[in-house]
Amino acid sequence: QVQLVESGGGLVQAGGSLRLSCAASGRTFSHYFMAWFRQAPGKEREFVAGISSFGGTTSYADSLKGRFTISRDNAKNTVYLQMNSLKPEDTAVYYCAAGSGIWRSPNEYGYWGQGTQVTVTS
């Protein structure tokens, strides 16, 4: 099992940057593929980015390529999401998830954090 805790969300102006962190408990963090999802009010949870267990493979939502970067530090049991050039439409609750692959469906992930709010003002 793994427990996930996100941090780093907040209020930022359009064009700004934030880095989200997701700290995992347990000694098996490196066994998991990790992903970030987001959910805006009234919308479905959507895939943002994913990373393989040792970081060799990453995947992004097409609309976010070039602005967001996912990375991980297995020594710190942490996965990160660097978000640049933020737009008001990036406003959402951001969740990290752990699973057995990089899946774009949230249904494929067995472990979730509680989420962190990101609000981008114009």
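Residues numbered from 1 in each chain as written. Predicted model: local features only at pLDDT ≥ 70, side-chain atom pairs only at ≥ 80, totals over all residues. Heavy atoms only, no water.

J.: Help me get a handle on the overall build of the chain, residues and values and all.
T.: If you tally the helices and strands in the chain, you get 0 helices and 11 strands. For the chain, the N- to C-terminal ordering of α and β elements is β-β-β-β-β-β-β-β-β-β-β. In terms of overall size, the chain behaves like a compact globule, its C-alpha atoms giving a radius of gyration of 13 Å where 122 residues would be expected to give roughly 14 Å. Principal-axis analysis of the C-alpha atoms places the extent of the chain at approximately 40 × 25 × 25 Å. A separation threshold of at least 6 residues defines the contact pool for the chain, and within that pool the share at least 24 residues apart is 58%. For the chain, the exposed area adds up to about 6200 Å²; of that, 47% sits on carbon and sulfur atoms. (Helix = DSSP H or I, 4+ residues; strand = E, 2+ residues; numbered from the N terminus. Rg over C-alpha atoms; globule rule 2.2 N^0.38 Å. Contact = heavy atoms within 4.5 Å. Areas by Shrake-Rupley, 256 points an atom, 1.4 Å probe, with all protein chains shown as cover.)

J.: Describe in detail the pattern of salt bridges, supporting the description with residues and values.
T.: By the definition in use, this model includes 4 salt bridges. Note that K65 and D62 form a salt bridge whose closest N and O atoms lie 3.6 Å from each other. With a relative accessible area of 53%, K65 lands in the exposed category. Look at D62 and you get exposed, because its relative accessible area is 60%. (Salt bridge = Lys/Arg side-chain N within 4 Å of Asp/Glu carboxyl O. Buried < 20%, exposed > 50% of the residue type's maximum accessible area, 1.4 Å probe, protein only.)

J.: Tell me about the sheet that holds strand β1 (residues 4-7), residues and numbers included.
T.: Strand order in the open sheet formed by 4 strands is β1-β3-β8-β7, with antiparallel pairing between adjacent strands. Edge positions in the sheet fall to β1 and β7 (68-73), since each of these pairs with one other strand and no more. In this sheet, neighbouring strand axes are inclined to one another by 15° on average, regardless of whether the strands run parallel or antiparallel. One ladder, built from 4 bridges, connects β1 with strand β3 (residues 18-24); its direction is antiparallel. Bridge assignment links L4 to a residue of β3, and that residue is A24. (Pairing = 2+ DSSP bridges. Axes fitted to C-alpha atoms, helices over the stretch in contact; angles between N-to-C directions.)

J.: So what's going on with the packing of aromatic side chains? Which residues, and what values?
T.: To describe a pair of aromatic rings, you give the distance between the ring centres and the angle between the ring planes. With the rule as written, the count across this model stands at 6 aromatic pairs. Seen from their ring centres, F37 and Y109 are 5.3 Å apart, and the 75° between their planes marks the pair as edge-to-face. One end of the pair, F37, is in strand β4 (residues 33-39); the other, Y109, is in the loop between β9 (92-99) and β10 (111-112), with 72 residues separating them in the sequence. Y109 shares its class with F37; the two are buried. (Phe/Tyr/Trp six-rings, centres within 6.5 Å; stacked < 30°, edge-to-face > 60°.)

J.: Requested: an account of the environment of G8, with residues and values cited.
T.: Positionally, G8 belongs in the loop between β1 and β2 (10-13). Using a relative accessible area of 35% as the deciding quantity, one classes G8 as partly exposed. Here the alpha-carbon distance between G8 and N77, two residues 69 residues apart in the chain, equals 16 Å. Ignoring any residue separated from it by four or fewer positions in sequence, one finds G8 in contact with L18, R19, L20 and T116.

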